[in-house]
Amino acid sequence: MNIRTFLFGMILTFGSAWLLAVVVPYYKTREMKPIPYDEVADEKTGFYFPKRSGTIAQGAKVYAENGCYVCHTQLVRPTYAGNDIHRDGFAGFKADPDRGDTRRETIALDYMGETFAQIGVMRIGPDLSNVGTRFRKVAVDLTSSKKEAEGEAFDADMTVTAESLLYAHLQNPRATVEKRWSTCPSSAYLFDENGKPKGEAVALVGYLMSMKKDDAVPASISFGPKPAAKWVCHHWFLAIFFTMSDPKQLPTIRPDLDESINVTLAHSGEPTSAAARENAHPGYTRESLSIMVFCICSVILIVAGGALGKAQGSLFSYASTIRPDYVRGKAPGVADDAVLPPKAILDVYVKKGQSLYSAKCNGCHMSDGKGDGANYPSLAGSAWVNGTSERFSQVILNGLQGPTSTGKVYGAGVMPAQGGGMNAQDLAFLMTFVRNSFGNSVGDVISPEQAQAALDVAAARKNPAAPVTAEELKGHDKDLSGAKIDPTTLIDPITFKPAPAK
Ligand code: HEC
Ligand code: HEC
């Protein structure tokens, strides 16, 4: 696969998903128009248009800010994606005293006018598509049972409102014994110290109260016989395009007018709580950061950053805080031209070689160089380690097929070549270390020049991939060519360059 097919595949994969999941639904829903009522069929005039302004729009922001969408959905699923219709209250009511069966699936029109459709992420709490209706019903039931209990003593002040129930829930979802289990987080911070709802709480409850998506069940999802299909598409591609829900096919929706744009009209100008929600709540003071403020601040930051960069530190120069003739002193006890003291080359090479040994040989020959006696031979006192340098170097660079210097063959059978990634300098360090550790005391330093000769010898072998054998090593029983180095030579331990004694 080359980069072009790869990119093409990526674009095709993500592009088609994006097209079908984003672009097509966007174009199918963005042109959504409010649906006018049919005067004859619906027995009313006006438009179906859910209310999305004033307190309700503010509340949608509070809802988003507080992450309610993480646990609550606003989507009564279509039957093909998991039936919610059977849930009384969830999707509407099975037996509404006034309207009969009001249950239905969510349709695209339900989100009309929302800047962001808060469909939700997970259903940890119940779906809230009809939470307004649900709480209204509970309030009515509670009020009537109160009426029964109080009898004559009941007065209008004792009426339980849906709003008050929602406030109570927001303030403490675990207030009653039956709700001790609730995992709905408390929003007590939306109330002041006297328990009075702040502007945010008012807005949020306004928003929750506006959630009524239980309008008359449209014919398209009724349990009656299905209308004849308009399109018969056998091709999968066309099927995907044309079976996506088309709002224009649902003209029979008859929503309740409460919470729709003509609330005031519907309530003949009466100041109902629903009508009050048409206006913004003055207690809600928070406004989202405008994009203009963001842009202006960005420009200021960019310009300011440029100016600071151009000033090259002169704006806040420390020079002004330092006395004119100040000279920085030296740390006590340190010589003027302090550098690390030179060391004997043998010591430096042994030290360097130790870390290479740890990386390359430790696993088999052990940190004390003694091997384990059964699988891996000891390097302490080994004739090939302490003997001629070319023979030793070829064991390291090519590996070894036993028998070893003692004639013994070890359990592991063969030592793999260790020359990979090793340059002449490394090999010089490593060989010097092994020849002068674990009780070995050859006392010489393998110079990088000699180590290079070892690499050349290894490269010139007839079969460089095979490990050397005792037989082959007979031909390498000599010292490596190249200039030797006096082990007492002093060098700089960092640069390895010869350094004069101090
Ligand atoms: C951690 C998950 C979680 C989060 C976040 C959450 N809720 Fe809940 N909510 C639940 C659960 C679980 C229930 C069911 C238990 C109950 O009724 O208290 C519930 C119940 C509710 C109910 C009662 C619904 C009914 O039909 O009885 C309302 C109203 C509600 N939540 C509103 C909110 C609001 C508003 C927010 C954001 C401020 C929110 N929830 C955030 C988990 C959550
Ligand atoms: C994977 C395990 C392994 C590693 C790593 C290894 N060796 Fe070996 N080495 C062996 C085995 C096994 C033998 C014996 C070979 C045989 O018996 O065929 C051996 C033999 C030797 C011998 C011959 C000893 C003698 O006296 O005959 C030397 C020298 C030696 N190894 C040096 C080294 C050095 C230096 C390193 C690190 C660069 C190293 N080995 C890394 C397994 C290993």
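Data block above holds the structure.
Analysis parameters
- Residues numbered from 1 in each chain as written.
- Chains lettered and ligands numbered in written order.
- Predicted model: local features only at pLDDT ≥ 70, side-chain atom pairs only at ≥ 80, totals over all residues.
- Helix = DSSP H or I, 4+ residues; strand = E, 2+ residues; numbered from the N terminus.
- Buried ≥ 20, exposed ≤ 12 C-beta atoms within 10 Å, placed from the backbone.
- Contact = placed C-beta atoms within 7 Å.
- Near = placed C-beta within 6 Å.
- Axes fitted to C-alpha atoms, helices over the stretch in contact; angles between N-to-C directions.
- Parallel < 35°, antiparallel > 145°, perpendicular 65-115°, else oblique.
- Nonpolar A, V, L, I, M, F, W, Y, C, P; charged D, E, K, R; others polar.
- Pairing = 2+ DSSP bridges.
- Expected span 1.5 Å × (residues − 1).
- Arc of directions from axis to C-beta.
- Left-handed = near helix turned anticlockwise from the far one by under 90°.

Give a detailed account of the overall build of the protein, specifying residues and quantitative values.
Along the backbone of the protein there are 16 helices and 7 strands. Out of the 502 residues in the protein, the part that is buried amounts to 26%. Once local pairs closer than 6 in sequence are excluded, the contacts in the protein between residues at least 24 apart make up 70%.

Mind laying out the site of ligand 1, listing which residues take part and the relevant values?
The full set close to ligand 1 counts 23 residues, and C68, C71, G125, S182 and C184 are the nearest of them. Broken down by secondary-structure element, the contributors of at least two residues to the shell around ligand 1 are α3 (131-150), α4 (162-171) and α5 (199-209).

Give me the lowdown on the packing of helix α10 (residues 345-360) against helix α14 (residues 424-435), citing residues and values where you can.
In the contact formed by α10 and α14, the axes pass within 7 Å of each other and the chain directions differ by 100 degrees. By the angle between their directions, the pair α10 and α14 is classed as roughly perpendicular. Where α10 abuts α14, its residues L346, Y349, V350, K352, G353, Q354, L356 and Y357 lie against D426, A428, F429, L430, T432, F433 and V434.

With reference to specific residues and values, describe the site of ligand 2.
C361, C364, G402, T404 and M415 are the nearest of the 29 residues found near ligand 2. Elements with a minimum of two residues in the shell around ligand 2: α11 (362-365), α12 (383-386), α13 (389-398), β4 (400-401), β5 (414-415) and α14. Here the shell around ligand 2 is built from residues that sort into 19 nonpolar, 9 polar and 1 charged.

Residues and numbers for the environment of D444, please.
With respect to the helices and strands, D444 occurs in the loop between α14 and α15 (448-459). Between the alpha carbons of D444 and I345 there is a distance of 10.0 Å; along the sequence they are 99 residues apart. Look past the residues within four positions of D444 in its chain and what remains in contact with it is R435 and P487.

Summarise the sheet that holds strand β6 (residues 468-469); cite the residues concerned and give the values.
With respect to topology, 3 strands assemble into an open sheet ordered β5-β4-β6, the strand pairing being mixed. Either end of the sheet is taken by a strand with one partner, and the two such strands are β5 and β6. Bridge count between β4 and β5: 2 bridges; the pairing is antiparallel. When the bridges of β5 are listed, L400 appears paired with M415.

Break down the environment of G363 for me, with residues and values.
Mapped onto the elements of the fold, G363 is located in helix α11. Exposure remark for G363: the 10 C-beta atoms within 10 Å place this residue in the exposed category. For the pair G363 and Y376, spaced 13 residues apart in sequence, the C-alpha to C-alpha distance is 9.8 Å.

Explain α3 residue by residue, including any values.
Over its 20 residues, α3 runs 28 Å from end to end, which matches the ideal 28 Å to within 8%, given 1.5 Å per residue. Taken residue by residue, α3 has V131, G132, T133, R134 and F135 as its buried positions. Tucked inside the fold, the buried residues of α3 contact α4 and α5. The first or second residue beyond α3 is G151, which carries a positive phi of 60 degrees.

Got a sec to walk through α4? Specific residues and values, please.
Along α4, the residues classified as buried are A162, E163, L166, Y167, H169 and L170. Taken down its axis, α4 places every buried residue within 160 degrees of arc, on the same side.

Describe the packing of α13 against α14, and please don't skip the residues or the numbers.
A pair of packed helices can be characterised by two numbers: the angle between their axes and the separation between those axes. Where α13 contacts α14, the two axes come as close as 11 Å, and the packing angle between them is 110 degrees. In terms of orientation, α13 lies roughly perpendicular with respect to α14. For the element pair α13 and α14, the recorded crossing hand is right-handed. Residue-level contacts link S389, F392, S393 and I396 of α13 to L427, L430 and M431 of α14. Tallied by class, residues from the contact of α13 with α14 come to 5 nonpolar, 2 polar and no charged.

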